[in-house]
Amino acid sequence: MIEIFKDDFHTILRQEIGYHSWVKKSPYELRRLLYVDELKIHHCEIPHKHLIRNVLNDIVCPNEMIDIFFKAMIRAETRFSTRFVPQKSHEERLTGNLVSEMGGALELVKPIFREKSLQIYGQEKEVDFFYMDLSRGGKLEKKTGADLALGIIVDLPDFPPIMKTFIFQAKKINQSTQIDVNQLNTLKKFQPQSSAYLFYDMGLNSLSSPMVLQPTNYDFNKKYEEATNNDNATFNIQFENVMNGMPLSAFLCFPLLENDGLGSKHTKIEYLLDNFDMVFEDGISTGERTFSGLLGLISIGRKINYIPIQNNEGYNIQLE
């Protein structure tokens, strides 16, 4: 266990929040992701509490540096769920709280990341995070129907280089919630394999991790098709259906990094940022962006340099 996260991880175990609802429902979903000692997990039915303890205490990612990032994201989710969800804010504000916790957790593990990379690679590597508000005065969701975009960059000596983006529509849920069909249609048009819903569990008894559920999920898509066939403007999704998704921390560290067909791929940081850049009509800027929410940049291996652009909105962002 990362010592600086001990109190938050103990909160997960003591209060049975975070991963508990997901793992209790589908422990096999987590087991199939983990890279752990075969003696601990080999084909036996491990109680879900022990499985969660393994996740918090052991190296469970195929790369130790990514495992540090994984632990930081779990810590961010825990602080988000215990400190901000009970305040019952709207989705946009909650998304801002989540992004802030992500940045805070990664800032805390920077010394650990540098020390471990020095041991493994003989050189200090960086983990870094930077986010920008592209809402242009609060005009959220104007083009994509999304609240949050994450760019994730991996540049490590012993891991395939990765530069991807993924967008999320935030949605609060307790026992159930309504999905707007038009909003979903907008989200689906923006690179279907690069977008998903991010559900915030507002149930104070469970306080589950923020859950990623892609529109391609069977139950979700079935409800969507029924709604469109019946010309319904909305449809209901249940909490148990959302638990068929995956916590954000696990989604970022396993399928998004390992599945080549998931997320939008880029070859340069400039191209990644262009994905969310201004809309041009006849060569003239409309003053609108293709994406109007929070854009968070995660770099595992390199420092993010950002310089404000003079007389303009935004930053010149480079990887060091």
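Not measured: the values here are computed from a predicted model. (Residues numbered from 1 in each chain as written. Predicted model: local features only at pLDDT ≥ 70, side-chain atom pairs only at ≥ 80, totals over all residues. Heavy atoms only, no water.)

Student: Can you tell me about the pattern of salt bridges, naming the residues and giving the values?
Tutor: Tallied over the entire structure, the rule returns 12 salt bridges. Among the salt bridges present, the one from Lys 49 reaches Glu 16, with a minimum N-O distance of 2.6 Å. Here the residue Lys 49 occupies a position in helix α5 (residues 48-57), and Glu 16 occupies one in the loop between α1 (6-15) and α2 (20-25), the gap between them amounting to 33 residues. We note a salt bridge from Glu 101 to Arg 79, for which the minimum N-O separation is 3.4 Å. (Salt bridge = Lys/Arg side-chain N within 4 Å of Asp/Glu carboxyl O. Helix = DSSP H or I, 4+ residues; strand = E, 2+ residues; numbered from the N terminus.)

Student: How would you sum up the packing of aromatic side chains? Please name residues and give values.
Tutor: Inspection of the entire model under this criterion finds 12 aromatic pairs. Summarising the aromatic geometry, the rings of Tyr 197 and Phe 220 are spaced 5.6 Å apart at their centres and angled 45 degrees between planes, so their arrangement reads as tilted. Taken together, the residues Tyr 197 in strand β5 (residues 195-201) and Phe 220 in helix α9 (residues 218-229) connect sequence positions 23 residues apart. Through pairs of rings, three or more aromatic residues link up here, namely Tyr 197, Phe 199, Phe 220 and Phe 235. (Phe/Tyr/Trp six-rings, centres within 6.5 Å; stacked < 30°, edge-to-face > 60°.)

Student: Quick one: what's the story with the state of the cysteines, residue by residue and with numbers?
Tutor: Scanning all chains against the criterion turns up zero disulfides. Residue Cys 253 stays outside any disulfide, its sulfur separated by 5.2 Å from that of Cys 61, the closest cysteine. (Disulfide = S-S within 2.5 Å.)

Student: I'd love a proper account of the nonpolar core, names of residues and values included.
Tutor: Core analysis: the largest hydrophobic core is formed by 103 residues, its most contacted members being Phe 70 and Phe 168. Here the element with the most residues in this core is helix α6 (residues 64-83); it accounts for 10 residues. Setting aside its immediate chain neighbours within four residues, Phe 70 contacts Tyr 19, Val 55, Val 60, Cys 61, Ser 249, Ala 250, Cys 253 and Phe 254. (Core = buried A, V, L, I, M, F, W, Y, C linked by side-chain atoms within 4.5 Å. Buried < 20%, exposed > 50% of the residue type's maximum accessible area, 1.4 Å probe, protein only. Contact = heavy atoms within 4.5 Å.)

Student: Now, about α6: what can you tell me, with residues and values included?
Tutor: Helix length check: α6 (20 residues) gives 29 Å between terminal C-alpha atoms against 28 Å at 1.5 Å per residue, within 8%. Within α6, 17 of the 20 residues are buried, leaving the element largely enclosed by the surrounding structure. Measuring from the side-chain oxygen of the N-cap residue of α6 to the backbone nitrogen of Met 65 gives 2.8 Å; that N-cap residue is Asn 63. (Expected span 1.5 Å × (residues − 1). Polar contact = N/O pair within 3.5 Å; in protein donor to acceptor, adjacent residues only side chain to side chain.)

Student: Go over α9 with me, naming the residues and quoting the values.
Tutor: In this model, α9 (12 residues) spans 16 Å end to end at C-alpha, consistent with the 16 Å of a helix rising 1.5 Å per residue. Taken together, the buried positions of α9 are Phe 220, Tyr 224 and Ala 227. On an axial view of α9, the arc spanned by its buried residues comes to 65 degrees, and they lie on one face. Counted as exposed and oriented over 90 degrees from the buried face of α9: Tyr 218 and Asn 229. Contacts from the buried residues of α9 go to β4 (176-180), α8 (181-189), β5, β6 (211-213) and β7 (234-238). The backbone nitrogen of Asp 219 has a side-chain oxygen 3.2 Å away, supplied by the residue at the start of α9, namely Asn 217. Just beyond α9, the residue with positive phi is Asp 231, at close to 55 degrees. (Arc of directions from axis to C-beta.)

Student: Describe the packing of α6 against helix α7 (residues 91-121), naming the residues involved and giving the relevant values.
Tutor: Orientation of α6 relative to α7, taken along the N-to-C sense of each, is 155 degrees, at an axis distance of 8 Å. Relative to α7, the element α6 lies roughly antiparallel. Crossing hand, α6 versus α7: right-handed. (Axes fitted to C-alpha atoms, helices over the stretch in contact; angles between N-to-C directions. Parallel < 35°, antiparallel > 145°, perpendicular 65-115°, else oblique. Left-handed = near helix turned anticlockwise from the far one by under 90°.)

Student: Break down the confidence of the model for the chain for me, citing the residues and quoting the values.
Tutor: Overall, the predicted model of the chain reaches an average pLDDT of 87, with 87% of residues at or above 70. Between residues 137-145, whose pLDDT stays under 50, and residues either more than four places distant or in other chains, the model counts 28 contacts. Confidence drops under pLDDT 50 across residues 278-285; counting only partners more than four residues distant or on other chains, this segment forms 14 contacts. (pLDDT = per-residue confidence, 0-100.)

Student: So, the pairing of strand β1 (residues 126-133): which residues are in play, and what are the values?
Tutor: Of all the eight residues making up β1, six are buried; the element is thus mostly covered by neighbouring parts of the structure. Pairing geometry for β1 and strand β12 (residues 294-301), over eight bridges, is antiparallel. When the bridges of β12 are listed, Phe 129 appears paired with Ile 298. (Pairing = 2+ DSSP bridges.)

Student: So, the environment of Tyr 271: which residues are in play, and what are the values?
Tutor: Along the chain, Tyr 271 falls in helix α13 (residues 269-274). The class for Tyr 271 is partly exposed, based on a relative accessible area of 42%. Separated by 108 residues in the primary sequence, Tyr 271 and Met 163 have C-alpha atoms spaced 9.8 Å apart.

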